[in-house]
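Structural overview for review
Residue strings, one per chain:
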Amino acid sequence: MGEIVPYNPIEDSIDDLQHRCQPFVLEWVFGFNPRVPLVNLTTRKDSKELVMASGNALIFYKLENQTEVAHTLVGHKSNVSMILSDASGRFVASTDNLYSINIWDREGNPGGAPLAIRTIYEPFKSAEINAIGLSQDGRYLVVACSGSQHLLQLWQWTVGNDAPDDSVELPSRLGKIKNIRFCADHGKKNHFIITLESAVIFGYFDPRKQKLFIEVPKKHGFQDYNDSVFVDDSARAVSVTGAGMAIVWADDKKLDGQLKKQFLKYLHLKYASINVIKCCDRKLITGDDDGEIRFYDAHMRILYWFKQEDPEPIRTISFGVLPRKYVFEGGQQSGFSSENNEEEEVLCMDSLPRDVSLEGNPVIVRSFIMATKSGRIYDVDIVQNKIQELYYPSGSIITSFDVHPKEQHLCCCDGNGKVTIFDLKEKQPIMSLNVPIQRTRRGRITALNYSPCGTFLVGGAENGYIWAINPATMIIGEDSPLQYSCEKIRQLVFAPDSKLLVFADDEGSVGLLQRENESWKLLGKCVSHKTAQVLFITPSRFLSIGDDRLLPGGKFITFMTNKNLYIQQLPIDGNPFKYMGMFAHPKMLKASRPMKDQLMFCFGEGDHAISMWRMNTVPLIENQKHCGPGLDPFCTLLPGGKTGCYVKEMLSLFFYNQISPKNGDEDTEIAIHDAMDIRDIPNYMRSIGFHMTQFEEDNLTAEIASLNTPSLTFAEVVALFLNHRSLLNPSCEDIQAALTCVTGGIFESVELGSFVGALSTLGERIDARELTFYGEVLFPECVPRGVEAEGGSFLVPLDELAEKLC
């Protein structure tokens, strides 16, 4: 539900344009996608800046002085699969698997959200985008795909070309491409390394020849590569594998007059998978499945390591953009400084961690962001020996959620049974509970609902369990779990007085529970239909809506389809200008909940987060001012519009229906009116192209009868026609499929007698005389005396019959 939002435009800014055009604005996301490595854009000690992915949106997150600010931007049609940035942190590149690559400028809108300044649509047409790489100076963009062939493209994206500068084919035998890393050295910023499943490939771009070159070092039997990186200020590169190996590459040997990367050595570092390797401040840093961070020198000699008390597999390590300057007590300078960063930190030598070398040198490295497999983000400062958790943990996919009816609270549950309550004002989690579910698809909580009074919270699971939770204390009720069904619970709905509870399961059963003595008792259960929604209309009466219904209420309603969110102005009369939608999810929306203050919450398939959208009714109201009066908005749905031939033909048939003889009585007085008798409307609908079934005719006549009027005007009839007509006419292929099903799987020809017999018994039965009449009209050469004549057995080709019925 929503209300009119007052709006006073000040300037024609980007936010102003969005307010006038978008019915929903993504305001916040509670969680992120831990499968996509995040990027650390931090430039100062007193703030943290990250960019993360959630579905098809990017989250530019900033924490400064314990205040969180997030810009959530939707720029992709599919789920974001990779995020990268240049060395300065100004340009951020993001891609999905199929459709596009975006380059975002963080300085293009001072004080506001980053801007997408370049988009490359479908660089490989139908092939998937597997990996992208952005050079440290932000000049080169490398894109790789693997499909029927492995291709590599290089774009100088700042030029604005519609085609890549060069492309090269990669050997397909090396497996899927995982990532691309550019060299950070000033003289080799056009060099990059590609990590594949079974090998690594080195490449570089010659700006003079405008040519892309690659080389594949000789394989040495290593598999399951995870990541690779260039070593600063050296000619080496290091790759890590799932078997805990580190492979060192160097161009110490000259082949064919050129220096080429060759295998140098390997080291067995761990018995666990090493997932990521980075080079920063002249050190190599690895993260593995044991949750251990290790620091090495340029020759892969161990210097330092640390491990948390509750270790989790590490998926991301990302260092800040600019190094910091350190000064020891006494004035000695150390660390790594930058001309653009004048901040200094005074360090005490005795408090610094020491490496394991013989000299015992202090470990000096800038702070970094670490993300784990369970969806936790940590800010790690080795020098200060500090670890701080950031943002929200996103351990598993969201399975259900609800919003508090009175408080600014959001409650959600993930696939591990963790129920978390968020404070929407502070945008922080305040309480959580681990429900002891079976951590399988049969045990996850799929429905979550607050009572109208906010005192009770219930969750329904896939195995039919109903969990009762006290939301104030996050304690599970003593009688939980309740089980009155063995099927997946689709919905849980409280009565207005919170004394009754209705559940609907996947089997179509609807059950009614009543609260007695601090527990819930079953009053009754029946099988209804596949329920899309359950609504209470009084404290003791409720109704269930099937998959093909939606009921309105209030000034505005919101609803969702597979991928879109919609807002509709009431009453619903078929006016196409009274609703607007917005693309909200690349796969499929699973649930949505409106809330006061014009907020809408939703999550989709595979999401680890819940999105908070702000409803905006201004575009909808503006549409009403320009759609025109009377029939004007409805006629836009008809070919040719209001002045087209189709509308003129409908108007002619409207009056012709009134002057045509009724019941064969030619002496009946003929009179023309501006309204049509409601009894003639079904036949009129058929005359203008809506050939309805008996079920559709019953629905139409029932709606007309509810209007309590003997006649309808032309405008009212046109609105009825547009609201009830079938949106999609069946194609010849659809009819062939239906004929094949009706006739028992015959694919070549149809025996007309058996087909007519099937029509007289299946579905809406047709009178035998009508069948005979239709058969004589369609096939006069085959049925000279009717299709039911004795001995009449006529074979009709399937495609010919489908074409005549189409």
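For the structure itself, consult the block above.
Throughout what follows, the structure given in this document is the object of discussion.

Analysis parameters
Residues numbered from 1 in each chain as written. Predicted model: local features only at pLDDT ≥ 70, side-chain atom pairs only at ≥ 80, totals over all residues. Heavy atoms only, no water. Pairing = 2+ DSSP bridges. Helix = DSSP H or I, 4+ residues; strand = E, 2+ residues; numbered from the N terminus. Axes fitted to C-alpha atoms, helices over the stretch in contact; angles between N-to-C directions. Patch = residues over 30% accessible without salt bridge, like charges linked within 9 Å, V, L, I, M, F, W, Y side chains within 5 Å. Areas by Shrake-Rupley, 256 points an atom, 1.4 Å probe, with all protein chains shown as cover. Salt bridge = Lys/Arg side-chain N within 4 Å of Asp/Glu carboxyl O. Buried < 20%, exposed > 50% of the residue type's maximum accessible area, 1.4 Å probe, protein only. Contact = heavy atoms within 4.5 Å.

1. Side note on the sheet that holds strand S38 (residues 428-434)
An order of S35-S36-S37-S38 is seen for the four strands of this open sheet, with the pairing classed as antiparallel. The open sheet terminates on both sides in strands that have one partner only, identified here as strand S35 (398-403) and S38. Recorded for the sheet is a direction-independent mean angle of 20 degrees between the axes of neighbouring strands. Summarising the sheet, S35 and strand S36 (residues 409-414) pair through five bridges and their orientation is antiparallel.

2. Regarding a nonpolar patch on the surface
Taken together, the side chains of Ile-766, Phe-773, Tyr-774 and Val-777 present a nonpolar region at the surface, about 380 Å² in accessible area. Locating Tyr-774 in the fold gives a position in helix H10 (residues 768-778).

3. With respect to the sheet that holds strand S12 (residues 150-155)
Read from one edge of the open sheet, four strands run S10-S11-S12-S13, paired in antiparallel fashion. On the outer flanks of this sheet lie strand S10 (129-134) and strand S13 (166-170), each paired with one strand and no other. For this sheet, the mean angle separating the axes of adjacent strands, direction not counted, is 20 degrees. Taken together, the six bridges between strand S11 (residues 141-146) and S12 define a ladder with antiparallel strand orientation.

4. Regarding the pattern of salt bridges
Going through the model one piece at a time under the given rule, you end up with 29 salt bridges. Salt-bridge contacts for Arg-181 lead to Asp-227; the nearest nitrogen and oxygen are separated by 3.6 Å. Remark: Asp-227 occurs in strand S18 (residues 225-230) and Arg-181 occurs in strand S14 (residues 177-182); sequence separation between them is 46 residues. Across the pair Arg-593 and Asp-402 runs a salt bridge, and its minimum N-O distance is 3.2 Å. Residue Arg-593 is found in strand S53 (residues 589-595), and its partner Asp-402 is found in strand S35; the two are separated by 191 residues along the sequence. On the basis of relative accessible area, Asp-402 is assigned to the buried category, the value being 6%. Three or more residues joined by partner-sharing salt bridges are found here, namely Lys-270, Asp-288, Asp-290, Glu-292 and Arg-294.

5. Points about the environment of Ile-445
By the secondary structure assignment, Ile-445 is in strand S39 (residues 445-450). For Ile-445, a relative accessible area of 0% corresponds to the buried category. Considered as a pair, Ile-445 and Val-458 are 13 residues apart in the sequence and their alpha carbons are 9.9 Å apart. When sequence neighbours within four positions are dropped, the list of residues in contact with Ile-445 reads Thr-399, Ser-400, Cys-413, Val-435, Ile-437, Gly-459, Gly-460, Ala-461 and Trp-467.

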